[in-house]
Amino acid sequence: MYGPLDTVVLCTIAPDLPNAPLVTKELVKRNIIVSVGHSGADLPTGEKAVRAGARFITHLFNAMAPFHHRDPGLIGLLASDVITEGHQLFYGVIADGVHTKPAALRIAHRVYPAGIVLITDAMQAMGLPPGEHRLGHQVVQVSEDQAVLRGTDTLAGSIANMQKCVQFFYQNTECTQVQALEAATVHPASLLGVTDRKGTLDYGTDADFVILDEQLTVLATYIAGEEVWRLEKVSPFSVKRVLPDSVSTKGAFIPNHAGLHIL
């Protein structure tokens, strides 16, 4: 990192680097969330980082040592003693079907569902047609479902959006729709400490939400209570009509009689 830390919210540290515990404690003192990742660290090193204040695992399964029954690595934190000791821990998962296959998603969700945070890890070619694109100074070859560094099979981020990740997670883990949506809303908001205004539909929170259908497809997006985007094939509708008086607005997931969901 270069320059002041005033605007830094989250920092990933390889916990096996020299002085990592000391750096972790200092960042935590400055109210910066520390994540462990991009590392071949073993489980004891990961546990030491969590006890020093780390609260997140960067894109679980990716850019870290693979799970081994005698050395679970950072993946083993999901079933570690640090959980039973009461340390709050979340972990990111790229649920695009490329970075993380369904079996791996199911393992993570069944072991520690309360900590999962869905992330896209998307790079700037998301939503653009297949072909060559740039990632900084590197050239990336984009196909229909993935992005790799040109001439290699090395993944260069993702091209999945959050809708795809939520749907893929829901379809492949046997979780409920509520659990899938919470992994993209209240869990990341809890990690960031912003549940007083983000991640739920509690009274007093920001009126930023999306309207979904039963397949968890986004039909419309609202910011500060104003519609800023709507799927072309969807007719305009008012939020008051979508939300009947009998439906509570407390929580992140609201089924209603119109067959729509407010998130």
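Everything below is about the structure shown above.
The structure reproduced in this document is the subject of the present report. (Residues numbered from 1 in each chain as written. Predicted model: local features only at pLDDT ≥ 70, side-chain atom pairs only at ≥ 80, totals over all residues. Heavy atoms only, no water.)

## Considering the overall build of the protein
The helix and strand inventory of the protein stands at 8 helices and 13 strands. Out of the 263 residues in the protein, the part that is buried amounts to 46%. A sequence separation of at least 24 residues applies to 54% of the contacts in the protein between residues at least 6 apart. Surface summary for the protein: the accessible area is close to 13,900 Å², and the carbon and sulfur share equals 54%. (Helix = DSSP H or I, 4+ residues; strand = E, 2+ residues; numbered from the N terminus. Buried < 20%, exposed > 50% of the residue type's maximum accessible area, 1.4 Å probe, protein only. Contact = heavy atoms within 4.5 Å. Areas by Shrake-Rupley, 256 points an atom, 1.4 Å probe, with all protein chains shown as cover.)

## Some words on the environment of Gly131
Here Gly131 shows up in strand S6 (residues 131-135). Sequence separation of Gly131 and Glu144 is 13 residues, and the distance between their C-alpha atoms is 9.4 Å. Excluding its chain neighbours within four sequence positions, the residues that come into contact with Gly131 are Val140, Gln141 and Val142.

## Comments concerning the nonpolar core
Counting 42 residues, the largest nonpolar core has Ile57, Leu60, Leu77, Tyr91 and Phe169 as the members making the most contacts within it. With 4 residues, helix H5 (residues 162-173) is the largest single contributor of residues to this core. (Core = buried A, V, L, I, M, F, W, Y, C linked by side-chain atoms within 4.5 Å.)

## Observations regarding the sheet that holds strand S3 (residues 56-57)
Pairing between the strands of a sheet comes from backbone hydrogen bonds, and it takes one of two forms, parallel or antiparallel. Ordered in space as S1-S2-S3-S4-S5, the 5 strands form an open sheet in which the pairing is parallel. Both edges of this open sheet fall to strand S1 (10-13) and strand S5 (116-119), since each of them pairs with a single strand only. The pairing of S1 with strand S2 (residues 33-36) spans 4 bridges and is parallel. Looking across to S2, one finds that Ile13 is bridged to Val36. Strands in contact with helix H1 (residues 20-29) are S1 and S2; relative to S1, the strand with the most contacts, it is inclined by about 175°. (Pairing = 2+ DSSP bridges. Axes fitted to C-alpha atoms, helices over the stretch in contact; angles between N-to-C directions.)

## So, the environment of His87
With respect to the helices and strands, the residue His87 is situated in the loop between helix H3 (81-84) and strand S4 (90-94). Residues His87 and Arg51, spaced 36 residues apart in sequence, show a C-alpha to C-alpha distance of 7.5 Å. Excluding anything up to four places from it in sequence, His87 contacts Val50, Arg51 and Val82.

## A few points about H5
For H5, spanning 12 residues, the distance from its first C-alpha to its last is 16 Å, which sits close to the expected 16 Å at 1.5 Å a residue. Burial in H5 covers these residues: Cys165, Val166, Gln167, Phe168, Phe169, Asn172 and Thr173. The inward-facing, buried residues of H5 contact helix H4 (102-111), S5 and helix H6 (177-182). (Expected span 1.5 Å × (residues − 1).)

## Here we look at a nonpolar patch on the surface
Residues Val9, Leu10 and Leu192 make up a contiguous nonpolar surface patch of roughly 230 Å² in combined accessible area. Take Leu10: it is sitting in strand S1. (Patch = residues over 30% accessible without salt bridge, like charges linked within 9 Å, V, L, I, M, F, W, Y side chains within 5 Å. Salt bridge = Lys/Arg side-chain N within 4 Å of Asp/Glu carboxyl O.)

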